Amino acid sequence: MRSTRFPREYRLYLPDEEVKDEEGNVISRGAFIDGEEITNRGFTLTADGLPYFSKAPFDCVILWWTGFHDKNRVKVYEGDICKMFLSSGFGSMIESLGIMAWDNVNHRFILNMGAQEGGKVYDAVDTERIGHEITHPELLAKILEKAKIITT
């Protein structure tokens, strides 16, 4: 049996899933599913963390729950983009964005905010989940651009 240091709860992102309105018209592609809906589609993880399909396999991205909730009690998953306010050191607050990511060195989830805030690691406290890096590439680009400016 293999043990992990983070929660085993997860959700899936299905890139080929069609999202439809009340009339049945496709309004977008890609959807997140969790809980019983995952099980109903025949997807589980084995004890060693590998995907297992009891029905026909499908394309998906596994997103681990970090064990954190944002300030609105919404679960924060790996890859979620969060907003928080940081103290500037001069008494004012700076709004910043970060991506929830797994830290392989310290074996924990961190809110990676790029290099603009000094490359510091902040706990996911008083954060607000505003999207996911898969569905909001414009926010991901904004975070990565901050890091690029500081490191080049």
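Residues numbered from 1 in each chain as written. Predicted model: local features only at pLDDT ≥ 70, side-chain atom pairs only at ≥ 80, totals over all residues. Heavy atoms only, no water.

**Things to note about the packing of aromatic side chains**
Stated precisely, the cut-off is as follows: Any pair of Phe, Tyr and Trp rings, taking the six-membered ring for Trp, is counted once the centres come within 6.5 Å. Such a pair is stacked with planes under 30 degrees apart, edge-to-face with planes over 60 apart, and tilted for the rest. Strands are runs of DSSP state E lasting at least two residues, helices are runs of H or I lasting at least four, and both sets are numbered from the N terminus onward. Burial status follows relative accessibility: with a 1.4 Å probe on protein chains alone, a residue under 20% of its type maximum counts as buried, one over 50% as exposed, and anything between as partly exposed. When the NZ atom of lysine or the CZ atom of arginine is within 6 Å of a ring's centre and also within 35 degrees of its normal, the charge is said to sit over that ring.
Enumeration according to the criterion identifies six aromatic pairs in this entry. Consider the rings of tyrosine 13 and phenylalanine 32, whose centres lie 5.0 Å apart with planes at 55°: the pair is tilted. Note that tyrosine 13 is positioned in strand E1 (residues 10-20) and phenylalanine 32 in strand E2 (residues 26-34), a separation of 19 residues in sequence. Taking the centre distance of 6.2 Å and the plane angle of 50° together, the rings of phenylalanine 43 and phenylalanine 58 count as tilted. Here phenylalanine 58 lies in the loop between strand E4 (51-53) and strand E5 (61-69) and phenylalanine 43 lies in strand E3 (residues 43-45), a separation of 15 residues in the sequence. Its relative accessible area of 22% is what places phenylalanine 58 among the partly exposed residues. Put simply, the rings of Tyr10, Phe43, Phe53, Phe58 and Trp64 pair up and form one aromatic cluster. The cationic tip of arginine 11 hangs over the ring face of phenylalanine 32; the distance from NZ or CZ to the ring centre is 4.2 Å. Its end group placed over the ring of tryptophan 65, lysine 75 keeps NZ or CZ at 4.8 Å from the ring centre.

**What about the sheet that holds strand E6 (residues 75-77)?**
The condition is simple: Paired strands are those between which DSSP finds at least two bridges. Think of each axis as a best-fit line through the C-alpha atoms, taken over the contacting stretch in the case of a helix, with angles from 0 to 180 degrees between the N-to-C directions.
Pairing in this open sheet of four strands is antiparallel, and the strands run E2-E1-E5-E6 from one edge to the other. Where the open sheet ends on each side, the last strands, each with one partner, are E2 and E6. On average, adjacent strands in this sheet sit at an angle of 40° to one another, irrespective of strand direction. Pairing geometry for E1 and E2, over seven bridges, is antiparallel. Across the sheet, the residue bridging to leucine 14 is alanine 31, located in E2.

Coordinates in, geometry out; function isn't part of it.
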